[in-house]
Amino acid sequence: TDEAGIVTYISPSIFNILGYRPDQVVGQNWREFVDTTTPEYAELEKLERMRFAGLETAPVSAWVLHANGSNRLLEFRDAPVRDVDGRVIGNEGIGKDITERHEADMALRKAREELQRGIEEATTELTSKNAELQKSREIYRSIIQDHLEFIMRWRDGGVRTFVNDSYCRYWDARPEELLGTSFMSEVLEEDQDLLRAKLAALSVDRPVVEHDHRVTRADGKVTWLHWTHRALFNEQRELIEYQSVGCDITDRRQQEEQVQARVVAAAQIRTLTDREKDVMRLVVAGDPNKVMARKLSLSIKTIEKHRGSLMKKLHVRSVPELVRLAMLVDEPTGA
């Protein structure tokens with residue numbers, strides 16, 4: 001899109017995703033395909049201003065109108081397009097249909113809420129029915145232990161008071177090795193402050209928060225975990241402990257980071273002149289300066305000048321870095 005929001009190019013895959021032919025979209029303003037009355041629209045406009053100010057923006061999801069009148073949820077990863085002088089002249093991005101994933105996430109969220117309600121109802125019943133206490137406790141533990149997601153209860157400071165089997169398998173540890181110890185020591189130090197801030201904001205009125213953070217496993221591998229933390233309060237509104245349900249999202253985060261890096265790399269390469277692109281292709285192919293000069297009918301000094309310029313524009317310091325950037329852009333991308 002250009003500075004006015006007019007679509008200047010759209011891939012043919014839009015027909016499969018939204019039912020429009022490219023010629024029905026090119027020349028139109030992107031705002032014609034979203035509901036401008038929703039609260040999310042203000043966020044889209046804010047991100048648009050940021051990109052044309054030259055700032056990087058995070059991925060954003062928005063409901064887009066399908067040609068058949070329905071709405072589809074798309075995830076956009078956008079980056080500013082600059083001219084040779086570095087001025088932002090447009091916006092380019094990748095849109096991915098995540099409607100089914102969103103519906104699956106909503107179904108999973110509903111299932112989690114139903115599980116939480118079931119746990120709370122079971123806990124209340126356990127307290128009030130002493131005759132069925134032992135039987136109900138066994139049923140409760142079976143549900144929790146067999147759950148595929150991580151389930152953990154803990155006190156202030158991250159000290160674990162309960163962990164299910166799935167959580168123990170993830171850490172390759174027995175329950176007795178984890179209980180009474182703090183999980184905070186496993187969270188990367190640079191992620192700890194944000195996690196503590198999220199937890200400090202919990203209250204009786206807002207007892208739940210979702211948060212992603214990195215952890216270091218026993219083998220030194222760093223992974224991403226997604227958690228839903230719930231603060232548990234007594235009748236006097238005093239905090240008792242926390243209950244958390246989580247899962248490993250490392251693969252998803254890595255895929256998202258790779259797509260973002262690919263968009264940024266493609267935008268950087270577009271800032272090169274045609275001659276710099278020619279030199280880049282030969283550098284990546286492994287040709288020395290003398291060979292490149294002969295192939296392009298240029299002097300070695302001119303080759304060195306173009307080579308230094310493209311390395312500076314692409315923010316790379318070595319040929320291996322340049323090769324990795326070129327390979328990243330050449331990899332298949334989404335719609």
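Values in this document were obtained by computation on a predicted structure and should not be read as measured data. (Residues numbered from 1 in each chain as written. Predicted model: local features only at pLDDT ≥ 70, side-chain atom pairs only at ≥ 80, totals over all residues. Heavy atoms only, no water.)

Below, the discussion takes up the pattern of salt bridges. Going through the model one piece at a time under the given rule, you end up with 26 salt bridges. For Glu75, the salt bridge goes to Arg77, with nearest N and O atoms at 3.1 Å. As far as burial versus exposure is concerned, Glu75 and Arg77 are alike and both buried. (Salt bridge = Lys/Arg side-chain N within 4 Å of Asp/Glu carboxyl O. Buried < 20%, exposed > 50% of the residue type's maximum accessible area, 1.4 Å probe, protein only.)

Membership of the largest hydrophobic core comes to 22 residues, with the highest contact counts inside it found for Met152, Tyr167, Phe183 and Leu199. At the level of secondary structure, the elements contributing two or more residues to this core comprise strand S4 (150-155), helix H6 (165-171), helix H8 (189-200), strand S6 (208-216) and strand S7 (222-233). With four residues, H6 is the single largest residue contributor to this core. When near neighbours in sequence (up to four residues on either side) are disregarded, Leu199 contacts Trp154, Met184, His229 and Tyr242. Counting 19 residues, the second-largest nonpolar core is a separate cluster that includes Leu282, Leu296, Val316 and Leu322. (Core = buried A, V, L, I, M, F, W, Y, C linked by side-chain atoms within 4.5 Å. Helix = DSSP H or I, 4+ residues; strand = E, 2+ residues; numbered from the N terminus. Contact = heavy atoms within 4.5 Å.)

Now for the layout of surface pockets. Looking at the largest pocket, its volume works out to about 1,100 Å³. Along its surface, the largest pocket is lined by 39 residues, and Ile10, Phe76, Gly93, Ile94 and Gly95 are the ones closest to its centre. Looking at the lining of the largest pocket, the elements that each hand over two or more residues are helix H1 (14-18), helix H3 (39-52), strand S1 (60-65), strand S2 (71-82), strand S3 (88-97) and helix H9 (250-269). Among the elements that line the lining of the largest pocket, the one with the most residues is S3, at six residues. Residues that form the lining of the largest pocket fall into these classes: 24 nonpolar, 10 polar and five charged. Size it by volume and the second largest pocket reaches roughly 890 Å³. Along the walls of the second largest pocket sit 26 residues, with Arg101, Asp105, Asp212, Arg252 and Glu256 positioned nearest its centre. Sort the elements by how many residues they give to the lining of the second largest pocket and helix H4 (residues 99-128) lands first, with seven residues. Its residues placed into classes, the lining of the second largest pocket shows nine nonpolar, five polar and 12 charged. (1 Å grid on protein atoms, 1.4 Å probe; cavity = no way out; pocket = protein on both sides within 12 Å on 5 of 7 lines; lining within 4 Å. Points joined across faces, edges and corners; volume = space filled by probe spheres on them. Nonpolar A, V, L, I, M, F, W, Y, C, P; charged D, E, K, R; others polar.)

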